[in-house]
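Notes for the structure review
Spelled out, the chains give:
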Amino acid sequence: MSFDNLDTLYRQVIMDHYKKPRNKGMLEDGSMTIDMNNPTCGDRIRLTMKIEDGKVSDVKFDGDGCSISMSSASMMTQAIKGKDVDTALAMSETFSLMIQGKEYDNEMDLGDIEALQGVSKFPARIKCATLAWKAMEKGLKE
Amino acid sequence: MNPYEIRKLFPILDQEVNGQPLVYLDSAATSQKPAAVIEAIEQYYRGYNSNVHRGVHTLGTKATDAYEGAREKVRKFINASSTEEIIFTRGTTTSLNTVARSYGGANVKEGDEIVISYMEHHSNIIPWQQLAKEKGAVLKYIPLQEDGTISLDDVRATITDATKIVSIMQVSNVLGVINPVKEIAKIAHEHNAVMVVDGAQSTPHLKVDVRDLDCDFFAFSGHKMVGPTGIGVLYGKKELLEKMEPIEFGGEMIDFVGLYESTWKELPWKFEGGTPIIAGAIGMGAAIDFLEEIGLDHIERHEHKLAAYAMEKMSAIEGLTIYGPKDSEKRAGVVTFNMNDVHPHDVATVLDADGIAVRAGHHCAQPLMKWLDVSSTARASFYLYNTEEDIDKLVSGLVKTKEYFSNVF
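All values derive from a computational prediction rather than experimental measurement. (Residues numbered from 1 in each chain as written. Chains lettered and ligands numbered in written order. Predicted model: local features only at pLDDT ≥ 70, side-chain atom pairs only at ≥ 80, totals over all residues. Heavy atoms only, no water.)

A count of helices and strands for chain B gives 14 helices and 17 strands. Taking 409 residues into account, the globule formula puts the C-alpha radius of gyration at 22 Å, and chain B, at 22 Å, falls close to it. Counting across all 409 residues of chain B, residues that qualify as buried make up 58%. The contacts in chain B between residues at least 6 apart in sequence include a share of 71% that link residues at least 24 apart. For chain B, the computed accessible surface area is about 16,400 Å², with 50% contributed by carbon and sulfur atoms. Separation between the mean location of the 40 positive side-chain charges and that of the 57 negative ones in chain B comes to 2 Å. (Helix = DSSP H or I, 4+ residues; strand = E, 2+ residues; numbered from the N terminus. Rg over C-alpha atoms; globule rule 2.2 N^0.38 Å. Buried < 20%, exposed > 50% of the residue type's maximum accessible area, 1.4 Å probe, protein only. Contact = heavy atoms within 4.5 Å. Areas by Shrake-Rupley, 256 points an atom, 1.4 Å probe, with all protein chains shown as cover. Lys, Arg positive; Asp, Glu negative; His and termini not counted. Charge placed at Lys NZ, Arg CZ, Asp CG, Glu CD.)

This is the structure we're talking about:
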């Protein structure tokens, strides 16, 4: 088995977010709730976000899924918390390019999320990584 | 039957995936195709491609003979009385939707009941949900036993005189359970309900006799039984099909077309609107020839043996949960499992790195996943070309998966 190849997917930081998810749970009143499923595999996420003065002032996620989808959700919440709505959406666009293995803006600091770069080499897993981001985009664009 | 000899007849199996020899354990999703099937389809396209039931020309006659010849092979394969009872469809899903819309549309009324089970595939759930909603009918589920089997007591308790349709899968695509559809049909008939059997997972693996089962409708797909995708069959008893209206209208299915009224062809063609799936039917016919030459009884025994071997080896892996009956005689060649702390997608990705193809997900059976209290599972499914060696590779792959994830955590 070529573990080397797998190691590009299952990076330490990813497994850390999977085991110890950040911002897990639900926000109480005054926040928006977005539910999203990946119908092909059954992964699901519930994202709750509080938007104040054009900023994502708080965000939490709950859900059920594989290491890639849940760690991506954890990292995403960490990345957008406190950011402008526009910045969050721009990050999502950059993330989408990165995960598809396309050229992306290196100027933007994605932090831990860059660990997910290896997913682009596993096309069957790209949808796992994008689930939480799609939920966030849906919420912010509404 | 020697699976090593059979393997050689499937060109696709002779390849490496991620640098490892392919171990294909996803036949319940779709089976691989032997050269004989691929060649039959190629011969049709290269040699006598033509539309059927139309032209007077020679190729048209050849194509019609091959298409109708395939129908006769299907009739014999499931022991139907007549080719009038064999309708070619796009697959099991289309077959079940045809029964729901045509038979169900005409015979199910407000307050009537439709009975299915918790283990059904989405294709044997949603057509009935839609029908029930449209008619104001009640959709009822037969519960499952602890080991995932259906008890006839529960069947008797669920089916009533208000039940009009009972629709059950013969073999579960998740639990591998073989259901007592013959006995269920008998109970359905005592209440004057019709019995529909979803045979998608049974026809590839065991001998089906629709007259012995005494079911009213039987649906299956070509691609799970070494045939091509895009072709399937709906069997129906002639006296029922004769009274049913087509659900698709157009060319091919008509007898006479007037400006405001038309009449339909006789059975089975009135249900085959449009140019039929000619190459698919020919490929399915070749698949039937292939399976019958080996013998369904041999295939069934081989799979029981593989299932027993897999259950034994996999049970020895600590932290692995196997779903469904423990008794391998009660199951076909499907083993569904989960590994402690490792999500099935991650299991499948690691196995894939080792060249082993398994399915991970909800297997189009979300109500069953709910019953099992899991969001998804991994599944290894076996067919005539699988060997004990394949299972050994799966088992060592699973052990490596477990080690890999205990290291990265």
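The next thing to look at is unusual backbone geometry. Residues and elements named next belong to chain B. A cis amide bond links Leu267 to the next residue, Pro268, at an omega of -5 degrees. The phi dihedral of Asn192 is positive, around 60 degrees, even though this residue is not glycine. Position of Asn192 among the secondary structure elements: in the loop between helix 7 (181–190) and strand 8 (194–198). Relative accessible area serves as the criterion here: at 68%, Asn192 is assigned to the exposed category.

What follows covers the domain arrangement of chain B. Quite often, the size of an interface is put as the accessible area lost when its parts meet. Residues and elements named next belong to chain B. What the domain assignment reports for chain B is domain 1 (3–26 + 295–408) and domain 2 (38–292). On a C-alpha basis, the centres of domain 1 and domain 2 stand 29 Å from each other. Across the contact, 32 residues belong to domain 1 and 33 residues belong to domain 2. The largest per-residue losses of area from domain 1 upon contact with domain 2 belong to Leu296, Trp371 and Tyr383, which jointly make up 26% of the total buried on that side. (Domains from an automatic or database assignment. Buried area = accessible area lost by both parts, 1.4 Å probe.)

All names here are of chain A. The strand order 1-2-3 describes an open sheet built from three strands, whose pairing is antiparallel. Pairing within the sheet leaves two strands with one partner each, and these edge strands are strand 1 (32–38) and strand 3 (55–64). Neighbour-to-neighbour, the strand axes of this sheet turn through a mean angle of 20 degrees, independent of strand direction. Summarising the sheet, strand 1 and strand 2 (residues 43–52) pair through seven bridges and their orientation is antiparallel. Paired with Met32 across the two strands is Met49, which belongs to strand 2. Contacting strand 1, strand 2 and strand 3, helix 5 (residues 126–141) runs over the sheet at an angle of about 150 degrees to strand 1. (Pairing = 2+ DSSP bridges. Axes fitted to C-alpha atoms, helices over the stretch in contact; angles between N-to-C directions.)

Here the focus is the packing of helix 3 (residues 58–78) of chain B against helix 10 (residues 278–294) of chain B. Between two packed helices, both the angle of their axes relative to each other and the distance between the axes serve to describe the pair. Residue and element names in this part refer to chain B. Running from N to C, helix 3 and helix 10 point in directions that differ by 40 degrees, and their axes come no closer than 8 Å. Taken together, the axis directions place helix 3 and helix 10 in an arrangement best described as oblique. Where helix 3 crosses over helix 10, the handedness of that crossing is left-handed. Contacts between helix 3 and helix 10 pair Ala66, Tyr67, Ala70, Lys73, Val74, Lys76 and Phe77 from the former with Ile278, Ala281, Ile282, Gly285, Ile288, Asp289, Leu291 and Glu292 from the latter. (Parallel < 35°, antiparallel > 145°, perpendicular 65-115°, else oblique. Left-handed = near helix turned anticlockwise from the far one by under 90°.)

Residues and elements named next belong to chain B. Tallying each qualifying case throughout the model produces 14 aromatic pairs over all chains. Residues Tyr383 and Tyr385 carry aromatic rings whose centres are separated by 5.7 Å and whose planes lie at 75 degrees to one another, so their mutual orientation is edge-to-face. By way of ring pairs, the aromatic residues Phe10, Phe290, Tyr383 and Tyr385 are connected into one cluster. (Phe/Tyr/Trp six-rings, centres within 6.5 Å; stacked < 30°, edge-to-face > 60°.)

Here we come to helix 4 (residues 92–107) of chain B. Here helix 4 of chain B contains 16 residues, and its C-alpha end-to-end distance of 21 Å stays within 8% of the 22 Å for a straight helix at 1.5 Å per residue. Taken residue by residue, helix 4 of chain B has Thr92(B), Ser95(B), Leu96(B), Thr98(B), Val99(B), Ala100(B), Ser102(B), Tyr103(B) and Gly104(B) as its buried positions. (Expected span 1.5 Å × (residues − 1).)

So, about the pattern of salt bridges. All names here are of chain B. For the structure on display, the rule yields 25 salt bridges over all chains. Here Arg75 makes a salt bridge to Glu72, at a shortest N to O gap of 2.9 Å. With Arg75 and Glu72 both in helix 3 and three residues apart, this pair spans about one turn of that helix. With relative accessibility at 33%, the residue Glu72 sits in the partly exposed group. Across the salt bridge formed by Asp212 and Lys182, the nearest N and O atoms sit 2.9 Å from each other. In this pair, Asp212 is assigned in helix 8 (residues 210–213) and Lys182 in helix 7, connecting sequence segments 30 residues apart. (Salt bridge = Lys/Arg side-chain N within 4 Å of Asp/Glu carboxyl O.)

Moving on: the confidence of the model for chain B. Of all residues in chain B, 100% attain a pLDDT of 70 or more, and the chain-wide mean is 96. With pTM at 0.93, the complex prediction returns an ipTM value of 0.85. (pLDDT = per-residue confidence, 0-100.)

Our next topic: the environment of Pro228(B). Among the secondary structure elements, Pro228(B) is positioned in the loop between strand 9 (217–221) and strand 10 (232–236). Sequence separation between Pro228(B) and Asp65(B) is 163 residues, and the spatial gap between their C-alpha atoms is 19 Å.

The subject of this paragraph is helix 4 (residues 85–99) of chain A. Residue and element names in this part refer to chain A. The terminal C-alpha atoms of helix 4 lie 21 Å apart, and with 15 residues this matches the ideal 21 Å at 1.5 Å per residue to within 8%. Buried within helix 4 are the following residues: Val85, Ala88, Leu89, Met91, Ser92, Thr94, Phe95, Met98 and Ile99. In this fold, the buried residues of helix 4 make contact with strand 2, strand 3, helix 3 (67–80) and helix 5. Two residues or fewer after helix 4 comes Gly101, characterised by a positive phi angle close to 75 degrees.

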